[in-house]
Amino acid sequence: MKENLNSVKLSPHFKLSEFLNLGKYPYNIPTMQVVANLTYGCHLLLEPARQEVGPIMINSGFRNARVNRLVGGINNSQHLLGQAADIRPADPKQFAKLVDFLKNWEHTDQLLTGNGWLHISWNPFGPPRHYIHIDYYK
C-alpha cells in the first residue's frame, strides 16, 4: 500500500507521499476524501504559490488522529481532514514573498507563520475565512 501512495500525484508538482510522512508514520493512511481535499489545496493554493516563488517543501500535511496527537496538534486541526499543510519555500530567501502571496490569495483559508515556515489551510466546502496571523508560532 505504501508503495502505491508514493506514486500518486495530486498536481503537477506535488505527490501525495509529501503530505503523509510515511517513513516516520507508516500508519498515516488517508481516506479518499482526504486525498480529494489535499488535491483541492494543491491546485488552488500550492501550485499558484509555487508559480510565484518556486519549489515549496511540505513539512507536514495530512495527519490521522494518532499522528496528530503525537505531534501535539489541536483536536480540530484541519490537518486531520487534509485541508492544511505546514510549508516552506525551498529557497529561504523567498519566504517573505510566499507569505505576501498567500496573504493576498483569495483561496487562503488560514495563514499562520512561524520561524521560516508557515501553516496554510483551505476549505473545499465553503468560503475561505482568510484568517491571517503573522508570527503566530513565535
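Model, not experiment: these values are computed from the prediction.

S.K.: Explain the environment of Ala 85 here, please?
M.R.: Summarising the element assignment, Ala 85 is placed in strand E4 (residues 84–89). As a C-alpha pair, Ala 85 and Ser 121 span 36 residues in sequence and 6.5 Å in three-dimensional space. Leaving out residues up to four positions away in the same chain, Ala 85 has contacts with Phe 19, Ser 60, Gly 61, His 79, Leu 118, His 119, Ile 120 and Trp 122.

S.K.: Teacher, can you tell me more about unusual backbone geometry here?
M.R.: Excluding glycine, a negative phi dihedral is what most residues carry, and trans is how most peptide bonds are arranged. Despite not being glycine, Asn 21 shows a phi value in the positive range, around 50°. In this structure, Asn 21 sits in the loop between strand E2 (14–15) and helix H2 (32–53). Residues other than glycine seldom take positive phi values, yet Asp 135 does so here, at roughly 60°. Its relative accessible area of 42% is what places Asp 135 among the partly exposed residues.

S.K.: Help me understand the environment of Phe 101 in this model?
M.R.: Mapping Phe 101 onto the fold places it in helix H4 (residues 95–104). Exposure remark for Phe 101: the relative accessible area of 14% places this residue in the buried category. As a C-alpha pair, Phe 101 and Leu 45 span 56 residues in sequence and 9.9 Å in three-dimensional space. The contacts of Phe 101, once residues within four sequence positions are left out, are Leu 45, Pro 48, Ala 49 and Glu 52.

S.K.: What should I look at first to understand the side chain of Ser 121 in this one?
M.R.: Inspection of the secondary structure assignment puts Ser 121 in strand E6 (residues 118–121). A relative accessible area of 0% places Ser 121 in the buried class. Here the side chain of Ser 121 touches Gln 78 through a polar contact of 2.9 Å, side chain to side chain. Look past the residues within four positions of Ser 121 in its chain and what remains in contact with it is Leu 45, Gln 78, Gln 83, Ala 84, His 107, Thr 108, Asp 109, Gln 110 and Arg 129.

Thresholds applied
- Residues numbered from 1 in each chain as written.
- Predicted model: local features only at pLDDT ≥ 70, side-chain atom pairs only at ≥ 80, totals over all residues.
- Heavy atoms only, no water.
- Helix = DSSP H or I, 4+ residues; strand = E, 2+ residues; numbered from the N terminus.
- Contact = heavy atoms within 4.5 Å.
- Buried < 20%, exposed > 50% of the residue type's maximum accessible area, 1.4 Å probe, protein only.
- Polar contact = N/O pair within 3.5 Å; in protein donor to acceptor, adjacent residues only side chain to side chain.

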